[in-house]
Amino acid sequence: MSLTAKDKDTVRTFWAKISGREDDVGTDALSRMLRVYPQTKTYFSHWTDLSPGSAPVKKHGKTVIGGVADAVAKIDALSSGLLSLSELHAFTLRVDPANFKILGHCILVVMAMMFPNDFTPEVHVAMDKFLAALALALSEKYR
Amino acid sequence: MRHSAFFLKPEEKEKNAAMVEWTEQERSIITNIFGNLDYEDVGSKALSRCLIVYPWTQRYFASFGNLYNAEAIKTNPNIAAHGTKVLHGLDRAVKNMDNIKATYAELSVLHSEKLHVDPDNFKLLADCLTIVIAAKLGSAFSPEIQAVPLKSAACATGEELWPLFMCVTSFQMKK
């Protein structure tokens, strides 16, 4: 299920459309993930406030979506492009890779909510494949 | 720790679902959402999206006509009709929330013994349904609504509602 040239174009085009609002996407997706999948809260026990839209959630949502934006820019070489992020997640954060899928789903839900007319099934499949490829690249260094 | 209901053994899932008790808030969230849904629109969109985003699910629809590309799927009347049918099936669970297991007994046997649907595929359809409803409701699709939790003593990790409906239909799946 690797990314075709068409998939990459679709992802880049859609990402350009959402530009300017990606921080909101990141914050909402993260908020949603913590609320809908409470097991993910275990990674944030050091935060004072895990409620949707709180300061730490906003800040981190921005960080995470910044990583996704970076991956869009490096879409032609995700494994090498995301090497240091993979090392971070593998050795320092040690996030179970199953959670990448969960956050990916939440990102897709928020995209559908915020861009209902642009998030067509064709865009959906390309983004889903891209987020899966991103997750795979992030898991590279785990073992 | 088992986070997802999908990793539970069949007998554990049965036990969990038998113990589901809905709060008033959850009931009202569920009946509100379904009460305001256009079943034809949402059903057909969810099913066609599933067949486009997860093309291997087309394996169950070989007799439904042209599924050659996204356009064909989106305009296929058999798929649209079947999507509506699926939503009406979910409606049955909404109207019998305290007895989903019995309500779905026949449907469960149908999906496992006759249709031979891999239960993992129910989750894929559930995800597409979530996304179609999210697109319809926009910012009204709050995390609270998305999270109407699967409640059971053994597995209380905030699963989304839709997988509950879907996983109930796989009860009769024999290992």
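As the structure is a prediction and not an experimental result, all values here were calculated from the model.

Colleague: Just checking my understanding: could you explain the overall build of chain A for this structure?
Modeller: For chain A, the count of helices and strands is 7 helices and 0 strands. In chain A, the order of α-helices and β-strands from amino to carboxyl end is α-α-α-α-α-α-α. On the principal axes, the C-alpha backbone points of chain A span a range of 40 × 35 × 20 Å. Sorting the 143 residues of chain A into buried and exposed places 47% on the buried side. A separation threshold of at least 6 residues defines the contact pool for chain A, and within that pool the share at least 24 residues apart is 76%. Carbon and sulfur atoms make up 55% of the accessible area of chain A, which totals about 7,100 Å². One finds the centroid of the 17 positive side-chain charges in chain A at a distance of 4 Å from the centroid of its 15 negative side-chain charges.

Colleague: I keep staring at the overall build of chain B and nothing clicks. Help me out?
Modeller: Within chain B, the regular secondary structure consists of 10 helices and 0 strands. Every one of the 175 residues in chain B was classed for burial, and the buried ones make up 54%. Counting only carbon and sulfur atoms, one obtains 54% of the accessible surface of chain B, whose full area is about 8,700 Å².

Colleague: Even after reading the chapter, I still don't get the nonpolar core, so can you show me in this structure?
Modeller: Considering soluble globular proteins, one finds that nonpolar side chains tend to be buried as a cluster. Counting 72 residues, the largest nonpolar core has A:F119, A:M127, A:F130 and B:F34 as its most contacted members. Residue contributions to this core peak at 12 residues, all from helix 6 (residues 98-114) of chain A. With 16 residues, the next largest nonpolar core counts A:V125, B:C50, B:Y54 and B:F61 among its residues.

Colleague: What is the right way to look at the interface of chain A and chain B in this model?
Modeller: The accessible area lost on association of the parts is a frequent measure of interface size. Taken together, the 20 residues of chain A in the interface contact 27 residues of chain B. Roughly 2,100 Å² is buried in total at the junction of chain A and chain B, and carbon and sulfur atoms are behind 62% of that figure. Summed over the three residues of chain A that lose the most area to chain B, namely A:V36, A:M113 and A:P121, the buried surface amounts to 24% of that side. The tally of links between chain A and chain B comes to 2 salt bridges. A:R35 is paired through a salt bridge with B:E144; the nearest N and O atoms lie 3.0 Å apart. Along the contact surface separating chain A from chain B lie 7 residue pairs in polar contact (both at pLDDT 80 or more). Of all elements in the fold, only helix 2 (22-36), helix 6 and helix 7 (121-138) of chain A reach the threshold of two or more residues within the side of chain A that touches chain B.

Colleague: Could you clarify how one ought to interpret the UniProt feature "domain: Globin" (unreviewed entry) in chain A in this entry?
Modeller: The UniProt record marks residues 2-143 of chain A with the feature "domain: Globin" (unreviewed entry), using the residue numbering of this structure. Along residues 2-143 of chain A one finds 69% helix and 0% strand; the C-alpha atoms at either end are 21 Å apart.

Colleague: How do you make sense of helix 3 (residues 39-53) of chain B when you look at a structure like this?
Modeller: Residues spaced three or four apart along an α-helix face the same direction, because each turn holds 3.6 residues. Taking 1.5 Å of rise per residue, the 15 residues of helix 3 of chain B would be expected to cover 21 Å, and the 20 Å separating its terminal C-alpha atoms lies within 8% of that figure. Where burial is concerned, most of helix 3 of chain B is hidden: 12 out of the 15 residues are buried. Along helix 3 of chain B, the residues classified as buried are B:Y39, B:V42, B:G43, B:S44, B:A46, B:L47, B:S48, B:R49, B:C50, B:L51, B:I52 and B:V53. Contacts made by the buried residues of helix 3 of chain B are with helix 7 of chain A together with helix 2 (24-35), helix 4 (70-75), helix 5 (77-95) and helix 8 (120-137) of chain B.

Colleague: How should the pattern of salt bridges be read in this particular structure?
Modeller: Two side chains of opposite charge can pair, provided their charged atoms sit close to one another. Applying the stated criterion across every chain yields a total of 16 salt bridges over all chains. Among the charged side chains, a salt-bridge network with shared partners connects A:K8, A:D9, A:R12 and A:D76.

Colleague: How should the environment of A:T63 be read in this particular structure?
Modeller: Within the element layout of this structure, A:T63 appears in helix 3 (residues 55-73). Here the alpha-carbon distance between A:T63 and A:A132, two residues 69 residues apart in the chain, equals 19 Å.

Colleague: It is not clear to me how the packing of helix 1 (residues 5-18) of chain A against helix 7 of chain A should be interpreted in this structure. Could you clarify?
Modeller: All names here are of chain A. Relative to each other, helix 1 and helix 7 sit at 100 degrees, their axes nearing to 9 Å. Classified by the angle their axes make, helix 1 and helix 7 are roughly perpendicular. Together, D7, T10, V11 and F14 of helix 1 and E122, V123, A126, M127, K129 and F130 of helix 7 make up the contact between the two elements. Residues of the contact of helix 1 with helix 7, tallied by class, amount to 6 nonpolar, 1 polar and 3 charged.

Colleague: Please explain the environment of A:I107 as it appears in this structure.
Modeller: Residues and elements named next belong to chain A. Relative to the helices and strands, I107 is located in helix 6. Residues I107 and M127 lie 20 residues apart in sequence; the distance between their C-alpha atoms is 9.6 Å. In this structure, I107 is in contact with V25, A29, V68 and L131, ignoring residues within four places of it in sequence.

Colleague: Is there a simple way to explain helix 5 of chain B in this structure?
Modeller: Residue and element names in this part refer to chain B. Counted at 1.5 Å a residue, the expected span for helix 5 with its 19 residues is 27 Å, and the 27 Å between its end C-alpha atoms agrees. Those residues of helix 5 that sit buried are I79, G83, T84, L87, G89, L90, D91, A93 and V94. The N-terminus of helix 5 is capped by N76, whose side-chain oxygen sits 2.8 Å from the backbone nitrogen of N78.

What counts, and where the lines are drawn
Residues numbered from 1 in each chain as written. Chains lettered and ligands numbered in written order. Predicted model: local features only at pLDDT ≥ 70, side-chain atom pairs only at ≥ 80, totals over all residues. Heavy atoms only, no water. Helix = DSSP H or I, 4+ residues; strand = E, 2+ residues; numbered from the N terminus. Buried < 20%, exposed > 50% of the residue type's maximum accessible area, 1.4 Å probe, protein only. Contact = heavy atoms within 4.5 Å. Areas by Shrake-Rupley, 256 points an atom, 1.4 Å probe, with all protein chains shown as cover. Lys, Arg positive; Asp, Glu negative; His and termini not counted. Charge placed at Lys NZ, Arg CZ, Asp CG, Glu CD. Core = buried A, V, L, I, M, F, W, Y, C linked by side-chain atoms within 4.5 Å. Buried area = accessible area lost by both parts, 1.4 Å probe. Salt bridge = Lys/Arg side-chain N within 4 Å of Asp/Glu carboxyl O. Polar contact = N/O pair within 3.5 Å; in protein donor to acceptor, adjacent residues only side chain to side chain. UniProt positions renumbered as here; feature names shortened; annotations may be inferred. Expected span 1.5 Å × (residues − 1). Axes fitted to C-alpha atoms, helices over the stretch in contact; angles between N-to-C directions. Parallel < 35°, antiparallel > 145°, perpendicular 65-115°, else oblique. Nonpolar A, V, L, I, M, F, W, Y, C, P; charged D, E, K, R; others polar.

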